[in-house]
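So the chains spell out like this:
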Amino acid sequence: MVAAVSRLRTMMRFGVHGLRTSWVRPMGTAARASMDVEGWREREQGPSVPVEVVHSQEVDRGVQWVFLGCPGVGKGTYASRLAKLLHVPHIAMGDLVRREILNLTPMAEQLKKIMGAGQLLPDEIIFRLLTKRLENGASEGETGFILDGFPRTVHQAEIMDEVASIDLVVNLKLREDVLISKCLGRRICSECGGNFNVASIDVDGYDSVPRILMPPLLPPPKCASKMTIRADDTEDVVRARLRIYYEESQPVEDYYRAKGLLLNFDVAGGIPETWPRLLSALNLEDKISGSHDSRKMMA
């Protein structure tokens, strides 16, 4: 983590534009072999969830994972749960941006304008926020991470390869009509910062696409009167963000697929149905048995 922060500092000092990766730090042999097999399956047979994903981490750090997916797909929900389960920090770029805005930092007004238009943030801003977060984490002894909402472009992914050995990229997939409903139902508690969703989703299936049933994730009574709506959670902005994602961020999937690191995972229900399926896809079922925290996460 400390080495990664140092390299990010150097990039910020000399600028990130035009940087291209010429090497990738090696990951564990077992993990690389497993991901190469999955990469072959992706290329030859199309996207699929593997029966088993073998993880072999460096002994001095935790996992270094990335969560990809459209806005509203559930990256924050599942990345934060896995981070808690695996004892690594969950670093959500959206949260870092919103914290800057709430704290009225010098960048706040610029960030509000960009987010309000549903646009991607410039690389310089993204890496400045990420560097600050990693510096703070390194000073507190954090190792490993699960990144949520970054990288959003191939250029950012190439830069990230210079500072960390990404072990796995989890790509969450969900139907667009459900994504829009989920985004419009998102709520945040202005006091505790908790994330909730008031949307009750019951969408009929068609052809080979299954029905999707997602009950609302309602706030506790103490938060019910303090719910706020994100400024960028309007239908026009959500659709704009989805369009930008498909045009500019989806190539990141191809980038990680070519490296044999991509795991596609279809979200086809609420948390009680999806969480155990995700743990199974990640070969983490053993984390459920005997773990009080894991049982609480199923709710």
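Residues numbered from 1 in each chain as written. Predicted model: local features only at pLDDT ≥ 70, side-chain atom pairs only at ≥ 80, totals over all residues. Heavy atoms only, no water.

The name given to the protein chain in an unreviewed UniProt entry is adenylate kinase, with the source organism recorded as Physcomitrium patens.

1. Focus: the pairing of strand 10 (residues 262-266)
Extensive coverage of strand 10 is indicated by the burial of four of its five residues. Sheet analysis places strand 4 (residues 168-173) next to strand 10, joined by five bridges and oriented parallel. The residue of strand 10 that forms the bridge with Val169 is Leu262. (Buried < 20%, exposed > 50% of the residue type's maximum accessible area, 1.4 Å probe, protein only. Helix = DSSP H or I, 4+ residues; strand = E, 2+ residues; numbered from the N terminus. Pairing = 2+ DSSP bridges.)

2. Digging into the layout of surface pockets
The volume enclosed by the second largest pocket comes to roughly 600 Å³. Lining the second largest pocket are 19 residues; nearest its centre among them are Arg98, Arg99, Leu102, Ile188 and Arg230. Listed by contribution, the elements that provide at least two residues to the lining of the second largest pocket are helix 4 (93-102), helix 5 (108-116) and strand 5 (186-189). (1 Å grid on protein atoms, 1.4 Å probe; cavity = no way out; pocket = protein on both sides within 12 Å on 5 of 7 lines; lining within 4 Å. Points joined across faces, edges and corners; volume = space filled by probe spheres on them.)

3. As for the pattern of salt bridges
On inspection of all chains with the given rule, the structure shows 13 salt bridges. For the salt bridge of Lys112 with Glu109, the shortest nitrogen-to-oxygen distance reads 3.7 Å. Of this pair, Lys112 and Glu109 both sit in helix 5, three residues apart, which is roughly one turn of that helix. According to the relative accessible area criterion, Glu109 is partly exposed, its value standing at 48%. (Salt bridge = Lys/Arg side-chain N within 4 Å of Asp/Glu carboxyl O.)

4. Brief notes about the sheet that holds strand 6 (residues 195-197)
Pairing is antiparallel in the open sheet, where three strands are placed in the order 6-5-9. In this open sheet, the two edge strands, each paired with only one partner strand, are strand 6 and strand 9 (227-228). Across two bridges, strand 5 lies against strand 9 in antiparallel orientation. Along strand 9, the bridge assignment pairs Ile188 with Thr228.

5. Structural notes on the packing of helix 8 (residues 176-184) against helix 10 (residues 235-249)
A pair of packed helices is characterised by two quantities: the angle between their axes and the separation of those axes. Where helix 8 contacts helix 10, the axes come no closer than 10 Å and their chain directions differ by 135°. Judged on the interaxial angle alone, helix 10 and helix 8 are oblique. Handedness of the helix 8/helix 10 crossing: right-handed. Contacts from Glu176, Leu179, Ile180, Cys183 and Leu184 of helix 8 reach helix 10 at Glu235, Val238, Arg239, Leu242 and Tyr246. When its residues are assigned to classes, the contact of helix 8 with helix 10 shows seven nonpolar, no polar and three charged. (Axes fitted to C-alpha atoms, helices over the stretch in contact; angles between N-to-C directions. Parallel < 35°, antiparallel > 145°, perpendicular 65-115°, else oblique. Left-handed = near helix turned anticlockwise from the far one by under 90°. Contact = heavy atoms within 4.5 Å. Nonpolar A, V, L, I, M, F, W, Y, C, P; charged D, E, K, R; others polar.)

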